[in-house]
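Listed below are the residues making up each chain.
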Amino acid sequence: MNQTERKIQSEERRRKSDEAQRFSEDRMQLLDTIREMIDIEFERHGVKTEGNSHPENPPPEGTGRKPPDRKPKRTLWQRIVKFFAV
């Protein structure tokens, strides 16, 4: 391999490395923007993140709402019968 080929390969590696670096920086900036948006929503809903060892992932707080009543699950046989009854 002559020196010109080595120089071309070196420049191409550097270009790919620069592209990867810019891609990573763009993704980090996007993640920071998303984190800011989430923090704004937490503030808007009155969720406190202070005193939590993982403020970016706080545990859910009681909202006073209870989950809707769930229908009892049908057995496989019940589903088969309903399928053929239609």
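As shown above, the structure is provided for reference.
Residues numbered from 1 in each chain as written. Predicted model: local features only at pLDDT ≥ 70, side-chain atom pairs only at ≥ 80, totals over all residues. Heavy atoms only, no water.

## As for the packing of aromatic side chains
By convention here, two paired aromatic rings are described through the distance between centres and the angle between planes. What counts, and what does not: Think of it this way: a Phe, Tyr or Trp ring, Trp meaning its six-membered ring, pairs with another when their centres are within 6.5 Å, and the plane angle makes it stacked under 30 degrees, edge-to-face over 60, tilted otherwise. Partly exposed describes any residue whose relative accessible area lies between the buried limit of under 20% and the exposed limit of over 50%, with all areas from a 1.4 Å probe on protein chains only and scaled to the type maximum.
For the structure shown, the criterion picks out one aromatic pair. Judged by centre distance (5.2 Å) and plane angle (80 degrees), the ring pair of Phe83 and Phe84 falls under edge-to-face. For Phe83, a relative accessible area of 62% gives the class exposed. A residue is classified by how much of its surface remains accessible, and Phe84, at 65% relative accessible area, is exposed.

## Points about the pattern of salt bridges
Note the following rule: Counted as salt bridges are all cases of a side-chain nitrogen of Lys or Arg within 4 Å of a carboxyl oxygen of Asp or Glu. Helix and strand assignments come from DSSP, with helices taken as H or I runs of at least 4 residues and strands as E runs of at least 2, each series counted from the N terminus.
Taken as a whole and assessed by the stated rule, the structure comprises four salt bridges. The partner of Glu12 in a salt bridge is Lys16, and the shortest N-O contact between them spans 3.6 Å. With Glu12 and Lys16 both in helix H1 (residues 3-45) and four residues apart, this pair spans about one turn of that helix. Judged by its relative accessible area of 38%, Glu12 is partly exposed. Note on Lys16: relative accessible area 47%, which makes it partly exposed.

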